[in-house]
Amino acid sequence: MSGLDKFSEKMTRRVARATSRRSLLTLIGGAITGAAVIPVLPVSRAQAQGHGHSGGGDPVAPQTTGNPQDPGDQTQCDYWRYCAIDGFLCSCCGGTASSCPPGTEMSPITWIGTCQNPADNRAYIISYNDCCGKSSCGRCLCNRNERDRPMVRPQANNDINWCLGTSSAIYNCSTAVILGVALEQQ
């Protein structure tokens, strides 16, 4: 063990002779200055883009149904039907809020949510279906977990790839289909 101690002492003394306190302070100052510059890099600004934009920065044209009973822009994450959605919005990928883009198929397996329509203040049962068969479109990512349930209740959990009921398990985007009006809570 004394050989290891002598070796450690020899190396420590060699490093101490070769460096000074000023060089150590210069190193620490450079690290602090470099760390302060990181938030200014363009990567941070690119990530801060709002919803409704594709990954490449191209804006997605707003989509509405034109029905006053179905208000909102279907390409925005704050659209009322998307209260429990998790994934890319099909309305930004060539489909609509309730239909899949061409070349994909809607999964028959679904998760369910209940969302409040601001037009009539009624709760609606929404079926969230994944569209499958093509790789993810990468546009308009939306992750809202209102009333999301743990994995022990999979029918109300949005973190599962629901493409397992289709011919291809490749996920593309998610839809929000209105099933009907929810029953009033007693």
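This write-up is about the structure you can find in this document. (Residues numbered from 1 in each chain as written. Predicted model: local features only at pLDDT ≥ 70, side-chain atom pairs only at ≥ 80, totals over all residues. Heavy atoms only, no water.)

**Notes on the overall build of the protein chain**
Per the secondary structure count, the protein chain includes three helices and five strands. Looking at the protein chain as a whole, 31% of its 186 residues are labelled buried. Accessible area for the protein chain stands at about 11,700 Å²; split by element, carbon and sulfur atoms hold 59% of it. (Helix = DSSP H or I, 4+ residues; strand = E, 2+ residues; numbered from the N terminus. Buried < 20%, exposed > 50% of the residue type's maximum accessible area, 1.4 Å probe, protein only. Areas by Shrake-Rupley, 256 points an atom, 1.4 Å probe, with all protein chains shown as cover.)

**Structural notes on the side chain of S174**
Along the polypeptide, S174 turns up in strand β5 (residues 171-181). Of the polar contacts made by the side chain of S174, one reaches the side chain of Y171; its length is 2.9 Å. (Polar contact = N/O pair within 3.5 Å; in protein donor to acceptor, adjacent residues only side chain to side chain.)

**Regarding unusual backbone geometry**
Within the chain, N121 stands out as a residue other than glycine whose phi angle is a positive 55°. Its place among the elements puts N121 in the loop between β2 (105-117) and β3 (122-132). Judged by relative accessible area, which is 57%, N121 ranks as exposed. For C140, which is not glycine, the phi dihedral falls at a positive 55°. By the secondary structure assignment, C140 is in the loop between β3 and β4 (141-143).

**Examining the packing of aromatic side chains**
Scanning the model with the defined rule gives five aromatic pairs in all. The rings of Y79, W80, Y82 and Y124 are connected pair by pair, giving a single aromatic cluster. (Phe/Tyr/Trp six-rings, centres within 6.5 Å; stacked < 30°, edge-to-face > 60°.)

**Some thoughts on the nonpolar core**
Membership of the largest hydrophobic core comes to 20 residues, with the highest contact counts inside it found for W80, Y82, I85, L89, C115, I126 and Y128. Those elements that provide at least two residues to this core are β2 and β3. Here this core takes three residues from β3, the largest share from any one element. Within the second largest apolar cluster, nine residues are counted, among which are C90, C100, C131 and Y171. (Core = buried A, V, L, I, M, F, W, Y, C linked by side-chain atoms within 4.5 Å.)

**Digging into the sheet that holds β2**
By definition, the strands of a sheet pair up through backbone hydrogen bonds, in either a parallel or an antiparallel sense. Spatially, three strands are ordered β2-β3-β5 in an open sheet, and the strand pairing comes out antiparallel. Of all strands in the sheet, those bounded by a partner on one side alone are β2 and β5. Averaged over all neighbouring strand pairs, the angle between strand axes comes to 25°, with direction disregarded. Where β3 and β5 come together, nine bridges link them in antiparallel fashion. Bridge pairing links Y128 to A176 in β5. (Pairing = 2+ DSSP bridges. Axes fitted to C-alpha atoms, helices over the stretch in contact; angles between N-to-C directions.)

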